[in-house]
Amino acid sequence: MAQSLTSRMSRLAISTRNIFTSSLSISKPNPSPILSCSSLRTPLMHTNILRSLSTIPKQQLQQTRTIDITNNSPDFGATSTLPPLLHSQRDAENFAAFVHANKHHKVKPFILKRRRHHLKSYIGNEKNIRHSPWRMNLVCQFAHGLTVPEALKQLMFCQKVKAPLVAKVIRRTANLADIRDGFQPSQLEVSECFTTHGTHLKRLKIMGRGRSGKKLRRFSHIRLVLREIDFPTKILEATSINQKRKWLERLAIAREDYEKARVEKEELEELERLAAEVAEKQRKEKEAESAK
């Protein structure tokens, strides 16, 4: 996967982690530089981190600003080593804490764009809808940029006649993602959702004073793109600590749904294997009886 953070931010995050490890090992017998989700709820979390960094000598900061390649711990500063779903909730909380502590470091847009380029996406469409494209776009705006569960929730309460149709397209595309790669709806977001003009029908428009004009019976097409959610990037782009907390909660839900689907898939494969063995055994018994 392409690199998703500059080397400067990577070195800073690793140095911060090494500094916390060295400082906590003096006061506690069992050092743990990991910040839990409860620490994220305190508004002064990032202030305490920066305050602790200010008390460390400048020479020690300069010495620790290097990446330790031999270290087996994950690199929380470079999202190139982090999968979109992350390894565990503990790693996600660590990553969110370090990103929030170093939020003054901005990431170049082309780096995030390069990372999004490697995410999987699924295209869905619905054609020849007897509805105006302009009015259909008003419905599509409710779903654009949201996760699939949130988009379906918005469309459920949308008082538009074509809102159920857009929800149907989203469910169908999410089902396609589940069939192909096993992605659950909580792992997908609506990357694109807009309407284009279809083939309009020309009709006669009766006007006053014996005149006539032309009117169009408008048709529209829906284009939908569901993309895999890159949770490290979402946490990185979140501007406030509350937004980071929400993305951590969504990550926990997505991981839980993924694990449930994986267990169900394994159970189904095991049942299919047992059914195939039973069928093979019955076939052999029939062959043996027919041979007698």
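Next up on the list: the overall build of the protein chain. A tally of helices and strands in the protein chain yields eleven helices and five strands. Classification of the 292 residues of the protein chain by burial places 38% in the buried group. Nonlocal contacts in the protein chain, meaning residues at least 24 apart in sequence, comprise 77% of its contacts between residues at least 6 apart. As displayed, the protein chain has an accessible area near 18,100 Å², and 53% of this comes from carbon and sulfur atoms.

For helix H8 (residues 148-156), the set of buried residues is Val148, Ala151, Leu152 and Leu155. One face of H8 carries all of its buried residues, which in axial projection span an arc of 100°. Opposite the packed face of H8, turned more than 90 degrees from it, sit the exposed residues Lys153 and Met156. Of the surrounding secondary structure, the elements contacted by the buried residues of H8 are helix H7 (133-143), helix H9 (163-181), strand E2 (188-197) and strand E5 (220-228).

With that out of the way, let us pick up the state of the cysteines. Summed over the entire model, instances satisfying the criterion amount to zero disulfides. A disulfide-free cysteine, Cys140 has its sulfur positioned 3.7 Å from the sulfur of Cys193, the nearest such atom.

So, on to the sheet that holds strand E1 (residues 121-129). One open sheet accounts for three strands, arranged E1-E5-E2; its pairing is antiparallel. For this open sheet the edge positions go to E1 and E2, each flanked by a neighbour on one side alone. Each strand of the sheet is rotated relative to its neighbour by a mean of 15°, with strand direction disregarded. Direction of pairing for E1 relative to E5: antiparallel, over a ladder of seven bridges. Considered in E5, the bridge of Ile129 is made with Ser220. Those strands touched by H7 are E1, E2 and E5, and its axis lies near 175° from that of E2.

With that out of the way, let us pick up the packing of aromatic side chains. Taken as a whole and assessed by the stated rule, the structure comprises two aromatic pairs. Measuring from ring centre to ring centre gives 6.1 Å for Tyr122 and Phe183, while their planes differ by 65°; the resulting arrangement is edge-to-face. Remark: Phe183 occurs in the loop between H9 and E2 and Tyr122 occurs in strand E1; sequence separation between them is 61 residues. Each member of the pair, Tyr122 together with Phe183, is buried. Ring centres 6.2 Å apart and planes at 75° place the aromatic pair Phe231 and Trp247 in the edge-to-face group. Of this pair, Phe231 sits in helix H10 (residues 231-237) while Trp247 is found in helix H11 (residues 241-291), placing the two residues 16 residues apart along the sequence.

Across its 13 residues, helix H5 (residues 89-101) extends 18 Å between first and last C-alpha, which sits within 8% of the 18 Å expected from 1.5 Å per residue. Of all the 13 residues making up H5, eleven are buried; the element is thus mostly covered by neighbouring parts of the structure. Turning to H5, its buried residues are Asp91, Ala92, Glu93, Asn94, Phe95, Ala96, Ala97, Phe98, Val99, His100 and Ala101.

Take the side chain of Thr173 next. Residue position: Thr173 is located in helix H9. Once you skip the residues sitting within four places of it in the chain, Thr173 turns out to touch Tyr122, Ile123, Gly124, Leu224 and Leu226.

What counts, and at which threshold
Counting starts from 1 at the beginning of each chain's written sequence and moves along it residue by residue. Reporting in this predicted model follows two pLDDT cut-offs: at least 70 for local features of residues, and 80 or more for side-chain atom pairs to be given and counted; totals over whole chains, interfaces and linings ignore these cut-offs and use all residues. Side-chain measures here rest on the full set of heavy atoms in the structure, leaving out hydrogens and waters. Every helix listed is a DSSP run of H or I at least four residues long, and every strand listed is a run of E at least two residues long, numbered separately from the N terminus. Per-residue accessibility, obtained with a 1.4 Å probe over protein chains only, is compared with the maximum for each type, and a residue is labelled buried under 20%, exposed over 50%, and partly exposed between these values. Contacts are assigned to residue pairs that have any heavy atoms within 4.5 Å of one another. We get accessible surface area from the Shrake-Rupley algorithm with a probe of 1.4 Å; when it comes to residues, only the shown protein chains can shield them. The arc refers to the directions leading from the helix axis to the C-beta atoms. Disulfide assignment relies on a single distance test, namely cysteine sulfur atoms paired within 2.5 Å. Strands are treated as partners if at least two bridges between them are detected by DSSP. Structural elements are reduced to axes, namely lines fitted to C-alpha atoms, with helices fitted over the stretch in contact, and the angle between N-to-C directions of any two is expressed from 0 to 180 degrees. Stacked, edge-to-face and tilted are the three classes for Phe, Tyr and Trp ring pairs, Trp counted by its six-membered ring, which pair at centre distances within 6.5 Å; planes under 30 degrees apart are stacked, over 60 edge-to-face, the rest tilted. A helix is expected to span 1.5 Å multiplied by its residue count minus one.

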